[in-house]
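# Architecture at a glance
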Amino acid sequence: MNDQRFIIEMGMGNDQYGMDYTKAAARAIEDAIRHSAIPLFEATGVSHDQMRVLVTIGVQDPEQVDCAALAERLPRGRAKVKAVFGGLDVTNPDTGKTLVIASAAVEAFLPKQG
């Protein structure tokens, strides 16, 4: 592809009680994009549809992440979400319950501008 990355944001999210990897991942994505503003689109007239968004989620059990559901929730661009091994599971020794911690990298790409 001839796309050029113009944004990378990182975030962290967790699910403290349900051991829900998708919920933790959604919170990590929200954390990553919550502080972003992209005035580029309004300033240049470039359409959001031209933006390709790649999200990489790190969790201890990547197969438990519903990547399609997460991609649908992204507000702009053509999104792809992939889950990889990472993040952290922390087990409470008193209760046996596990806290799921997810990390996210959100990258945005546009075709090279002339």
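Being a predicted model, the structure only gives us computed values, none of them experimental.

## Overview of helix H1 (residues 21–34)
- For H1, which comprises 14 residues, the first-to-last C-alpha distance of 20 Å matches the rise-based estimate of 20 Å (1.5 Å per residue) to within 8%.
- Of the residues making up H1, those classed as buried are Tyr21, Thr22, Ala24, Ala25, Ala26, Ala28, Ile29 and Ala32.
- Next to the buried residues of H1 lie strand S1 (3–15), strand S2 (52–59), helix H3 (67–73), strand S4 (88–91) and strand S5 (98–111).
- Looking at where H1 begins, the residue whose side-chain oxygen comes 3.0 Å from the main-chain nitrogen of Thr22 is Asp20.

## Let's talk about the pairing of S5
- Taken across its 14 residues, S5 has 11 buried, putting it largely inside the fold.
- Note that S1 and S5 share 12 bridges and pair antiparallel. Across the sheet, Gly11 pairs through a bridge with Ala104, a residue of S5.
- Looking at chain direction, S2 and S5 are connected through 7 bridges and run antiparallel. Its bridge partner lying in S5, Leu54 is registered against Glu107.
- Taken together, S4 and the strand that follows it, S5, pair antiparallel across an intervening segment of 6 residues, in which Gly96 is found at a positive phi of about 80°.

## Observations concerning the packing of aromatic side chains
- Inspection of the entire model under this criterion finds 0 aromatic pairs.
- Across the ring face of Phe109, the terminal group of Arg52 is positioned such that the distance to the ring centre comes to 4.2 Å.

## A word on the layout of surface pockets
- A volume near 330 Å³ is recorded for the largest pocket.
- If you go around the largest pocket, you meet 16 residues; those closest to its centre are Ile33, Ile38, Met51, Pro75 and Arg76.
- Elements represented by at least two residues in the lining of the largest pocket include exactly S1, helix H2 (40–44) and S5.
- Among the residues forming the lining of the largest pocket, the class breakdown is 11 nonpolar, 2 polar and 3 charged.

Calculation rules
Residues numbered from 1 in each chain as written. Predicted model: local features only at pLDDT ≥ 70, side-chain atom pairs only at ≥ 80, totals over all residues. Heavy atoms only, no water. Helix = DSSP H or I, 4+ residues; strand = E, 2+ residues; numbered from the N terminus. Expected span 1.5 Å × (residues − 1). Buried < 20%, exposed > 50% of the residue type's maximum accessible area, 1.4 Å probe, protein only. Contact = heavy atoms within 4.5 Å. Polar contact = N/O pair within 3.5 Å; in protein donor to acceptor, adjacent residues only side chain to side chain. Pairing = 2+ DSSP bridges. Phe/Tyr/Trp six-rings, centres within 6.5 Å; stacked < 30°, edge-to-face > 60°. Lys NZ or Arg CZ within 6 Å of the ring centre and 35° of its normal. 1 Å grid on protein atoms, 1.4 Å probe; cavity = no way out; pocket = protein on both sides within 12 Å on 5 of 7 lines; lining within 4 Å. Points joined across faces, edges and corners; volume = space filled by probe spheres on them. Nonpolar A, V, L, I, M, F, W, Y, C, P; charged D, E, K, R; others polar.

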